[in-house]
Amino acid sequence: MSISRKPTDPALSSLHALQTRRQLLKTSAVGFGHLALQALLGQESSAASTNPLVPQQPHHPPRARRIVFLFMKGGPSHVDTFDPKPMLDRDHGKPLPFDLPRVTFAKQGNLLKSPWKFHQYGESGLPVSELFPHVARHIDDLCILRSVYGTNPAHGGALLKLHTGSDQFVRPSMGSWVTYGLGTENENLPGFITICPTLAHGGVNNWGAAFLPSYCQGTPIGNASLAAAQAKVKHIRNSRIDPALQRRQLDLIAAMNRDHLESVGTSQALEGRLNSFELAYRMQSSMPEIQDLSSESEATQQLYGIDDPVTEDFGRQCLMARRFLEEGVRFVQVTHSDSEVQWDQHSNLYQGHTKNAAEVDKPIAGFLTDLKARGLLDDTLVLWGGEFGRTPTAQGSNGRDHNPHGFTMWMAGGGVKGGYAYGATDEYGYYAAENKMHVHDLHATMLHLLGLDHERLTFRYAGRDFRLTDVAGRVATDIFA
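Parameters at a glance
For every chain, the first residue of its written sequence is number 1, and the numbers climb from 1 along that sequence. pLDDT decides what is reported in this predicted model: residues at 70 or higher carry local features, side-chain atom pairs at 80 or more are listed and counted, and totals for whole chains, interfaces and linings draw on all residues regardless. With hydrogens and water excluded, all non-hydrogen atoms of the structure serve as input to the side-chain values. Any Lys or Arg side-chain nitrogen located within 4 Å of an Asp or Glu carboxyl oxygen qualifies as a salt bridge. Comment: elements are numbered from the N terminus, with helices defined as DSSP H or I runs of at least four residues and strands as E runs of at least two. Three exposure classes are used, based on accessible area relative to the maximum for each residue type with a 1.4 Å probe and protein chains only: buried under 20%, partly exposed in between, and exposed over 50%. The span you would expect from a helix comes to 1.5 Å times its residue count less one. Nitrogen and oxygen atoms within 3.5 Å of one another constitute a polar contact, given that in protein one can donate a hydrogen and the other can accept it, and given that sequence-neighbouring residues count only through two side-chain atoms. Contact between two residues is taken to exist if any of their heavy atoms lie within 4.5 Å; hydrogens are not considered. Working definition: a ring pair exists when centres of Phe, Tyr or Trp rings (six-membered ring for Trp) sit within 6.5 Å. Plane angles under 30 degrees give stacked, over 60 give edge-to-face, the rest tilted. Two thresholds decide whether a charge sits over a ring: the Lys NZ or Arg CZ must be within 6 Å of the ring centre and within 35 degrees of the ring normal.

Section: the pattern of salt bridges
- Inspection of the entire model under this criterion finds 22 salt bridges.
- Between arginine 323 and glutamate 296 there is a salt bridge whose closest N-O contact spans 2.6 Å. Residue arginine 323 is found in helix 10 (residues 312-326), and its partner glutamate 296 is found in the loop between helix 8 (268-291) and helix 9 (298-303); the two are separated by 27 residues along the sequence.
- The partner of glutamate 296 in a salt bridge is arginine 374, and the shortest N-O contact between them spans 4.0 Å. Placement of glutamate 296 in the loop between helix 8 and helix 9 and of arginine 374 in the loop between helix 11 (349-373) and strand 8 (380-385) is noted, with a sequence separation of 78 residues between them.
- The exposure class assigned to arginine 374 is partly exposed, which follows from its relative accessible area of 37%.

Considerations on helix 7 (residues 243-264)
- In this model, helix 7 (22 residues) spans 31 Å end to end at C-alpha, consistent with the 32 Å of a helix rising 1.5 Å per residue.
- Along helix 7, the residues that are buried comprise Gln246, Leu250, Ala254, Asn257, Leu261 and Ser263.
- At the N-terminal boundary of helix 7, the capping side chain belongs to aspartate 242, with an oxygen 3.1 Å from the backbone nitrogen of alanine 244.
- Backbone geometry just after helix 7 places glycine 265 at a positive phi near 90°.

A word on the side chain of glutamine 333
- Within the fold, glutamine 333 resides in strand 7 (residues 331-336).
- Every residue in contact with glutamine 333, bar those within four places of it in the chain, is listed here: Phe69, Phe71, His163, Ile193, Thr194 and Ile195.

Remarks on the packing of aromatic side chains
- Applying the stated rule across the entire model yields 17 aromatic pairs.
- Relative to phenylalanine 71, the ring of phenylalanine 69 lies with its centre 5.5 Å away and its plane at 40°, an arrangement referred to as tilted.
- Judged by centre distance (5.9 Å) and plane angle (50°), the ring pair of phenylalanine 98 and tyrosine 431 falls under tilted. Of the two residues, phenylalanine 98 is situated in the loop between helix 3 (86-90) and strand 2 (118-121) and tyrosine 431 in the loop between strand 13 (424-425) and strand 14 (432-434); the sequence distance between them amounts to 333 residues.
- Classification of phenylalanine 98 as partly exposed rests on a relative accessible area of 27%.
- Within the aromatic cluster, the residues linked to one another by ring pairs are Trp177, Tyr180, Phe211, Phe459, Tyr461 and Phe466.
- Across from the ring centre of tyrosine 420, 4.6 Å away, lies the NZ or CZ of lysine 417, which sits over that ring.

Scope: geometric values only; no functional claims are made or implied.
Below, the structure is given as structure tokens:
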């Protein structure tokens, strides 16, 4: 089955013209034409009231049923985390022996070795730096993607490219595409949830639906300026009227809108609004229950680091993510960000990356442990990374500049090879060099793991078919288990 579900762009007739046709149908053929019209309108109204988020059939058997994106905003340094470079240690302080990119974000100096040592872990023996001792114990579950690259050295463009496939235009986010293609497994929750997202560098466009149906829009829980403990869906409770009266109100609004649809025909915007009202009503009971972590055991909360002020915030986000995934949400994003753009160490690399890694290392390891113990890791795709990496050259004396030309992300679960390193950057870590994986390739591979053909997952808008991967994208089948 092809999941294109291309909508029609109805040329809406005037109300006067519709009334004239109805009068004609009433007065001709003993009114049978009018009866048929009423039956068709009734079917449309019924279809409009159904839940558009019901699970959809994928294009091919999926390896993963759901996905979680652990987004490290600002750009973690690959040469200091998962991509060691002995040549960088050897030539520390020397000039880069090849040309810089034509466009750089800031002035760069000589080569800067990593201040952290790398050690081999697990049966695979893959190296991980001292920054991630807890995650390193899961190395045999990780598929390290060492050759990812993008097109934009600025945060705003790079974030949009990673989240939407375009750094220039407003396009649907990858979470919205996944929701459009697959729906959700819980009608009482959105198909796409983003926890504490950043409001900068693209903001809502990073989880927006653009021209896709409104039900594909990501639902934000708080934002990056709020502590995770205070992050809630806005207006989740109605303090003025009880649920029974709300139900009566919604039924009245729905009836009025169905009458309106009878006069103007199909309206995607109006039907989307009706569906959002219904989902919001159902969310009032389900959402607060999932966000209440008090039912989790003390051992589980410690596993995520919620008992430690350093790891409490991100650990709380990861635990919420597990609860949403467990309840059938299709796409969950967790963002590690703050007012300092988190991983963006143009200076003070050692202090900044040490702080950032300490905040996320234990929660991520706990999250992987918990998913595996519950049998969720096998069919949950975990994606980790930032919008780009950092340069192997120094900015100032102790920082690194943005580097979209070669960086590391990793996947776990969801049908990928564990304990496996895919691709490579050059000997210093500046450019993707072997099995290069463009952001479009990353998206194509992610969709394929979820059972979606990125070339068939299309939406017709403004006279052409759009897709997440635009006109590119290659599936990296070598990483499949």
